[in-house]
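Spelled out, the chains give:
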Amino acid sequence: MISPLFRWILNTFTRSDENQDKIMLNLVLFGPPGSGKGTQAKKLTEKYDLIHISTGDLFRYEMSNNTPLGEKAKAYMAKGELVPDEVTIGMLENKVNKHLDANGFIFDGFPRNTVQAEALDKFLTSKGTQVSGLVSLDVDDEEIIKRILERGKTSGRSDDNDESIIRNRIEVYNQETAPVFEFYKKQDKAQLVHGIGSIDEIFNRLCEAIDSNLVV
Ligand code: ADP
């Protein structure tokens, strides 16, 4: 039997017709705020030649350009609340639609609740593809708060500087986002990866999880 990773590599390098039998590698990089998704996403993007989509980064870009979308997101982000689904899902779909010729995507910060997960599944199905797997970085709350406060010293993000906002983001994660793990667990696509250690150690753990358990 051909392993899924091998099938994906074969398909990527032998594809002659872009529209024919297209197989994408679509990864959801999951975990609480401050768990290292952004750092690892960059490395995974390079290794697997994917497009990295961070909804947090997209919102910050819109905000820095004072667009109507940025205006809508601002108040929610400042409080550590989720931006409404209709705004977030539309923005995500627009971004994916711009890169339909990609080998696949790393979704970072999306889906953040089960409504978004259902929307993502439906949307990818309509494009003839699917979520290949979700890998979740497991980091405890105290470590997260420490990391985010440290990041806040240089990130310029107001939501990284205030411990009560950080605690609210963790609360929102536990209440609204954590169920997304179960959503993909039911599809046999979710894996938990230990998120404490050096950047390279964690990266290797992620790669192992991805290479051993992909659905493509
Ligand atoms: P972190 O993971 O460190 O909290 P992000 O950059 O992923 O940071 O997100 C920052 C903020 O952007 C969130 O607290 C939320 O307000 C908003 N946001 C990002 N992604 C989503 C999403 N998928 N749905 C709703 N809001 C989102």
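Structural data are supplied above this passage.
Residues numbered from 1 in each chain as written. Predicted model: local features only at pLDDT ≥ 70, side-chain atom pairs only at ≥ 80, totals over all residues.

Asker: Help me understand the nonpolar core in this model?
Answerer: A general feature of soluble globular proteins is that nonpolar side chains tend to end up buried together. Formed by 31 residues in total, the largest nonpolar core has its most connected members in Leu27, Val28, Leu29, Ile106, Phe107 and Val135. In terms of residues, this core owes the most to one element, strand S1 (residues 25–30), which gives five residues. With near-sequence residues (within four places) excluded, Val135 lies in contact with Leu27, Leu29, Phe30, Gln191, Val193, Leu206, Ala209 and Ile210. With five residues, the next largest nonpolar core counts Leu58, Phe59, Leu69 and Ala73 among its residues. (Core = buried A, V, L, I, M, F, W, Y, C linked by C-beta atoms within 7 Å. Buried ≥ 20, exposed ≤ 12 C-beta atoms within 10 Å, placed from the backbone. Helix = DSSP H or I, 4+ residues; strand = E, 2+ residues; numbered from the N terminus. Contact = placed C-beta atoms within 7 Å.)

Asker: I'm lost on the pairing of S1 in this one. Help?
Answerer: With respect to burial, S1 is a largely interior element, six of its six residues being buried. Here S1 shows two buried faces, one formed by Leu25, Leu27 and Leu29 and the other by Asn26, Val28 and Phe30. Note that S1 and strand S4 (residues 133–138) share four bridges and pair parallel. From the neighbouring strand, Val28 faces S4, where its bridge partner is Leu134. (Pairing = 2+ DSSP bridges.)

Asker: Help me understand the site of the ligand, please; the structure alone is not making it clear to me.
Answerer: Around the ligand, the surrounding shell holds 17 residues, and the nearest of these are Pro33, Thr55, Gly56, Leu82 and Gly109. Looking at the shell around the ligand, the elements that each hand over two or more residues are helix H3 (55–64) and helix H4 (68–79). If you tally residues by element for the shell around the ligand, the top one is H3, at three residues. In terms of residue class, the shell around the ligand is made up of seven nonpolar, seven polar and three charged. (Near = placed C-beta within 6 Å. Nonpolar A, V, L, I, M, F, W, Y, C, P; charged D, E, K, R; others polar.)

Asker: Help me understand the sheet that holds strand S2 (residues 51–54) in this model?
Answerer: Strand order across the open sheet formed by five strands is S2-S3-S1-S4-S5, with parallel pairing between neighbours. Two strands lie at the open edges of the sheet, namely S2 and strand S5 (190–194), each paired on one side alone. In this sheet, neighbouring strand axes are inclined to one another by 20 degrees on average, regardless of whether the strands run parallel or antiparallel. Along the sheet, helix H10 (residues 199–212) makes contact with S1, S4 and S5, crossing S5 at roughly 160 degrees. (Axes fitted to C-alpha atoms, helices over the stretch in contact; angles between N-to-C directions.)

Asker: Would you take a moment to explain helix H7 (residues 141–155) for this structure?
Answerer: Spacing of three or four residues puts side chains on the same side of an α-helix, whose turn is 3.6 residues. Here H7 contains 15 residues, and its C-alpha end-to-end distance of 20 Å stays within 8% of the 21 Å for a straight helix at 1.5 Å per residue. Count one or two residues on from H7 and you reach Gly156, which has phi positive near 75 degrees. (Expected span 1.5 Å × (residues − 1).)

Asker: So what exactly am I meant to see when it comes to helix H5 (residues 85–97) here?
Answerer: Its 13 residues place the ends of H5 18 Å apart at the C-alpha level, agreeing with the 18 Å of an ideal helix rising 1.5 Å per residue. Contact partners of the buried residues in H5: S2, H3 and helix H6 (114–126).

Asker: When you look at the packing of H5 against H6 in this model, what are you seeing that I'm missing?
Answerer: When two helices pack together, you describe them by how their axes are tilted relative to each other and by the distance separating the axes. Look at H5 against H6: their axes get within 11 Å of each other, and the N-to-C directions meet at 30 degrees. Regarding the angle of H5 to H6, the classification is roughly parallel. Seen from above, H5 lies across H6 with right-handed handedness. Contact residues: H5 offers Asp85, Thr88, Ile89 and Glu93, while H6 offers Val115, Gln116, Ala119 and Phe123. Among the residues making up the contact of H5 with H6, the classes are represented as four nonpolar, two polar and two charged. (Parallel < 35°, antiparallel > 145°, perpendicular 65-115°, else oblique. Left-handed = near helix turned anticlockwise from the far one by under 90°.)

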